[in-house]
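Close look at the chain arrangement
Below, each chain spelled out in residue letters.
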Amino acid sequence: MFRERSVRIAAWICCGTLALFTVVPVLWIVATSFKTAAEINAWPPTFLPGAPTLENFTEILFHTDFPRYIFNTILVSAASTVCIMITSSIAGFVFAKYKFPFRNTIFMILLASATIPLEAYMIPVYVMVFKVHMLNTYAALIFPITIMTFGVFFMRQVIMGIPDELLEAARIDGASEIWIYLRIILNLSKSGLMAIGVFAFTQAWANFMWPLVVVSTGDMYTTELGLAVYQRAFFTEYGPIAAGAVISILPMMIVFVALRRHIMAGIATSGMKG
Amino acid sequence: MSGAIATPPLPLSARLAKSWATLKRNHIGFVICALGPVLLLFGLIRLYPIAETFRLSFYDYHITRRSSPFVGLGNYAYLFEDSPFHDALINTICFAAFAVVGTLLLALAAAVLLRSIEKAAPVLEMLFYIPVVTPWVPASVIWKWIFDPTYGALNYALSFFGIPRLGWLQDPVLILFALVVVSIWKMVGYFIVIFGVGLRAIPEELLEAADLDGATAWQKLRGIVLPLLRPIILFSVVTCTIININVFAPVYVLTASSQGAPAYDFKVLVGEIYSNGFVYYHMGYAGAQCVVLLLFVMSLLFVQFLAFREK
């Protein structure tokens, strides 16, 4: 776009600095999680651990309830992911391939509400969960993250790309609509559905506000909530907290590194929708 | 009268039968069975709570009390007297303004500069994206340690310039700065990628034509790139503002006391909603604060909607 030599040099300097700014803090906490307590509280601070140790990880994994939090988070995120994959693909299929009254109106309402954050309407959701005596349960944690508007939008885009002739041919052979959904649509939109699944999992994993509101006992904590509460209570023990933060970041990093191409393509779609 | 022969209107029953046949041909039964449950769920966890938030805000609603008297605009009137709410509102707006301007200017500059080093761009974009996939809580934990007044890396780095230790989390102005830095760090990568998508869509010929006319890089940027990028910039401003108006997790983490030194109690809108609604259970009043947040978000979305409808 800009081939001028001065621009290229400026680009290298600015983008390099920015990359340091975004990457170093994460490396910093990874390094810190392997330091001894004495080294963490040393002045001047060191970057690389002088005597790497796993004691922070053994501390948080064997002497706290953190494994329970990890288990809770995996359970809730997996359930949320499955729900979102089902609801997104069914709704996306219907919006993409069927004509029915008010189709566009309903779809617009769905899209318009996509950006409204849960924080703004969580009180009635909480009251609902309270009225059915489900506070502090897995069901309560999963309930508000069973649908994802972006998922419906994305799956509709993907399924619109599947030719109608395929569906017609199946109907002529006597296939029911459910059979078409299960055998044709799911098969041909697999990679899109996987992308939505990954996105849903990371969102559920990073969820903080809703668990904070709806969970009241330690055995139902998620990793994010556990980490936030821990660091409020025992900030002086930064080593184990750093190890907990690394554990909470790790799955996100693995997913990101493994699927970065799909993730970048997904963002492109979400950006272009505007 | 015109010569066209008007077909006699069909009787109602025939018309109904006809539209029913159309619906049936379009598999209306399947549509209802498949979409119905999803829409029901959508209504239950999105539309109903949004509407109910507005209704609650007119009641003195308390979750464990049997009666919740209608108080009209009472909750809204109290918004004008509640000084923690005023602090929260001012803080949130200042924070969001700095964070949005900082994030988007940095993202725009980086995205434009990345286009001139096309080969390295994918790798750099990946590095910029690492904080985006880091959840807010560990991100805040990382930065809390960097901003730590006693052991923090930031104060250590500043000591080389002869600057004495600063209480980043203890000072009301410095904590705003600290939170803005965390937010920029977290979101800049996302908007670099978004702007990158917009920049790649700009036809290369336009810029080559400008080159032939002897335009400088700055002129190309002002005259061609920015105008073509306007829709994406608008989308980014709206998205980024909504994200930052909702700030809570970093505030929750960074304002907790550290090393025995209590941090400055930086109030934000969602924090007030949380403490009024879920700590004191004044849910009607918290509902009124939610309405403030909802109106913010909805007006932003409305602006975006109007702007995109023009085209």
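1. Looking at the overall build of chain A
Helices and strands together make up the secondary structure of chain A, namely 14 helices and 0 strands. Along chain A, helices and strands appear, N-terminal first, in the series α-α-α-α-α-α-α-α-α-α-α-α-α-α. For chain A, the residues scored as buried account for 43% of the 274 residues in total. Put simply, 76% of the contacts in chain A that link residues at least 6 apart link residues at least 24 apart.

2. Structural notes on the domain arrangement of chain A
Residue and element names in this part refer to chain A. If you check the domain split of chain A, you get domain 1 (1–53) and domain 2 (63–273). Centre-to-centre, using C-alpha coordinates, domain 1 lies 32 Å away from domain 2. In this assembly, 7 residues from domain 1 lie in contact with 6 residues from domain 2. Among the secondary structure elements, those contributing two or more residues to the side of domain 1 that touches domain 2 are α1 (5–33) and α2 (37–40). Residue composition of the side of domain 1 that touches domain 2, grouped by class: 4 nonpolar, 2 polar and 1 charged.

3. Some details on the interface of chain B and chain A
Taken together, the 78 residues of chain B in the interface contact 78 residues of chain A. Looking at which element gives the most residues to the side of chain B that touches chain A, the answer is helix α2 (residues 28–56) of chain B, with 16 residues. Its residues assigned to classes, the side of chain B that touches chain A shows 64 nonpolar, 11 polar and 3 charged.

4. Some remarks on the environment of Ile147(A)
For Ile147(A), the position within the fold is in the loop between α7 (138–142) and α8 (149–160). When the C-alpha atoms of Ile147(A) and Ser88(A) are compared, they prove to be 7.0 Å apart, with 59 residues separating the residues in sequence. When near neighbours in sequence (up to four residues on either side) are disregarded, Ile147(A) contacts Ile84(A), Thr87(A), Val38(B), Leu41(B), Phe42(B) and Ile45(B).

5. Some points on the nonpolar core
Residue and element names in this part refer to chain B. Residues Ala107 and Phe191 are the most contacted members of the largest nonpolar core, which totals 166 residues. If one sorts the elements of this core by residue count, helix α8 (residues 172–200) sits on top with 16 residues. In contact with Ala107, other than residues within four places in its own chain, are Val188, Phe191, Ile192 and Phe195.

6. Thoughts on the domain arrangement of chain B
Residue and element names in this part refer to chain B. Split into domains, chain B comes out as domain 1 (14–56) and domain 2 (74–309). With 4 residues of domain 1 at the contact, the number on the domain 2 side is 6 residues. Residues that form the side of domain 1 that touches domain 2 fall into these classes: 3 nonpolar, 1 polar and no charged.

What counts and what doesn't
Residues numbered from 1 in each chain as written. Chains lettered and ligands numbered in written order. Predicted model: local features only at pLDDT ≥ 70, side-chain atom pairs only at ≥ 80, totals over all residues. Helix = DSSP H or I, 4+ residues; strand = E, 2+ residues; numbered from the N terminus. Buried ≥ 20, exposed ≤ 12 C-beta atoms within 10 Å, placed from the backbone. Contact = placed C-beta atoms within 7 Å. Domains from an automatic or database assignment. Nonpolar A, V, L, I, M, F, W, Y, C, P; charged D, E, K, R; others polar. Core = buried A, V, L, I, M, F, W, Y, C linked by C-beta atoms within 7 Å.

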